[in-house]
Amino acid sequence: MAEPTPAPNEDTPMITQPQVTDFQLSPALKEFQGYVRDYAQKHLGGAARYDAEVKFPGDAVQAAAKLGLLRTTVAKEYGGSAMGNLASCVMLEEINAVCASTGVTISVHNSLVNSLLGKWCNDAQKRRWFPKLVTGEWLGAYCLSEAFSGSDAAALRCEAKKEGDHYVMNGAKLWITTGSEAKLFVIFARTGPDRVKGISAFVVERDWPGVSVGKKERKLGLRGSPTTEIVCENVKVPADCLIDKEGTGFTIALDTLDGGRLGIASQSLGIARAAVDLIKACLAAKVDQKGRPTASQPEQWTLADLAAELDAFRMLTWRAAILRDQGVRCSTEAAMAKLCASRLANKAARAAVTILGQAGVDGSNPAERILRDARITEIYEGATDIQRLVVARGLLAPA
Ligand SMILES: Cc1cc2nc3c(=O)[nH]c(=O)nc-3n(C[C@H](O)[C@H](O)[C@H](O)COP(=O)(O)OP(=O)(O)OC[C@H]3O[C@@H](n4cnc5c(N)ncnc54)[C@H](O)[C@@H]3O)c2cc1C
């Protein structure tokens, strides 16, 4: 005999309305996605040349500025479009699916520099720098890493000593994206002995005496994106260029990286998508005389697995972006997104090269370039093992 249905407990949460979770972009975001896709098709055709000639995609970045793509994370009162993190992720996937060198330039400018200034600078500072940054007249760079300070960011040695109404900055920052092109640097420097609380953030302008661009790195991938040393020798930094207050630099750096990691997760999704598209085109072309598909089952499985992971990790990335847009801390979610998406970019790019065979390495299509570009997504803005640490720390933190 069937058990009688138990009477509802008064404590049981009741759902009275049908609950709908919509995994689709809003019509406005879909329109924006199409707008950026159009930009990418029209202006990023030089991606292979930027890579081959190790050439900065200056024209493409300026075209992006004209279309308003360098102001998505800036508030409207400072000339931005205040579109936020989700829109920026959608935009960066589109751009990186075609040119990852342009993609990282725009990601750093928007997700690291503009976001940081918007959140941590005072009104006078924003009015001073945003007019140049939102129009692309100036590009921004984020300067945290040093020779002995990569994953261990708190080990940085660059110092800023207070002398009256200014600081004197000395030190060298390494591996700085857009280093040779940027006019504004956010530099993290030591203002006190405490490993973490002794770090402060400053805006430093390229044209100030003592600021110079040092060695340019020769890289495996992202060759259109210049990565350089930034050297400060007795640079007089006015006290009103201190961001927030002394001692909050490390907090600012890490908080900003949550948003930056969404940018790199989106870059990874774009690269993975480009690889999946190459595989799809290759397998679709494998047909017998009657037009029936002849791609092997393992090849089809590879395509299916990659496409499924691409959708899944896009959702992971968008979830973290939505949380950040809502002002909710998303360090764990952003690290999960970057961890998974950057691994996928590498897996998909490797699979594309494998399935395309000789055509995967001869430069006749983007496969070999995206394989080289993908490798870097697992290193910068926190290497893969660091993302795993951040995720594990988040999961193990007391509730
Ligand atoms: C193309 C490119 C552009 C970059 N742009 C910028 C930029 O614009 N601004 C900026 O400030 N920096 C930038 N960087 C620097 C980047 O953020 C660092 O490379 C990154 O943080 C890793 O530091 P590292 O290279 O010193 O490697 P390391 O810190 O030496 O790490 C190497 C490896 O050691 C392991 N490891 C290290 N520490 C740990 C740990 N605690 N637990 C477990 N494993 C660990 C990991 O496997 C890691 O991959 C860029 C780097 C590249 C490659």
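## With respect to the nonpolar core
Stage number 1. Phe202, Ala275 and Ala352 are the most contacted members of the largest nonpolar core, which totals 119 residues.
Stage number 2. Look past the residues within four positions of alanine 275 in its chain and what remains in contact with it is Ala348, Ala349, Ala351, Ala352 and Ile370.

## Re helix H7 (residues 249-284)
Stage number 1. In a regular helix each residue adds 1.5 Å, so 36 residues correspond to 52 Å; H7 covers 51 Å between its end C-alpha atoms and thus fits that length.
Stage number 2. Of all 36 residues that make up H7, 27 are buried, and the element is covered over most of its length.

## Observations concerning the site of the ligand
Stage number 1. Taken together, 21 residues lie near the ligand, and Ser145, Gly150, Ser151, Thr177 and Ala383 sit nearest.
Stage number 2. Mapped onto the shell around the ligand, the elements with two or more residues apiece are strand E1 (140-143), strand E3 (166-177) and helix H11 (384-396).
Stage number 3. When residues of the shell around the ligand are sorted by domain, at least three fall in each of domain 2 (141-246) and domain 3 (250-394).

## With respect to unusual backbone geometry
Stage number 1. The phi dihedral of aspartate 244 falls on the positive side, at around 60°, and the residue is not glycine.
Stage number 2. You can see aspartate 244 is positioned in the loop between strand E8 (242-243) and H7.
Stage number 3. Residue aspartate 244 is classed as partly exposed on the basis of its 17 C-beta neighbours within 10 Å.
Stage number 4. Positive phi outside glycine occurs at glutamate 381, with the angle close to 55°.
Stage number 5. Its 30 C-beta neighbours within 10 Å are what place glutamate 381 among the buried residues.

Thresholds applied
- Residues numbered from 1 in each chain as written.
- Predicted model: local features only at pLDDT ≥ 70, side-chain atom pairs only at ≥ 80, totals over all residues.
- Core = buried A, V, L, I, M, F, W, Y, C linked by C-beta atoms within 7 Å.
- Buried ≥ 20, exposed ≤ 12 C-beta atoms within 10 Å, placed from the backbone.
- Contact = placed C-beta atoms within 7 Å.
- Helix = DSSP H or I, 4+ residues; strand = E, 2+ residues; numbered from the N terminus.
- Expected span 1.5 Å × (residues − 1).
- Near = placed C-beta within 6 Å.
- Domains from an automatic or database assignment.

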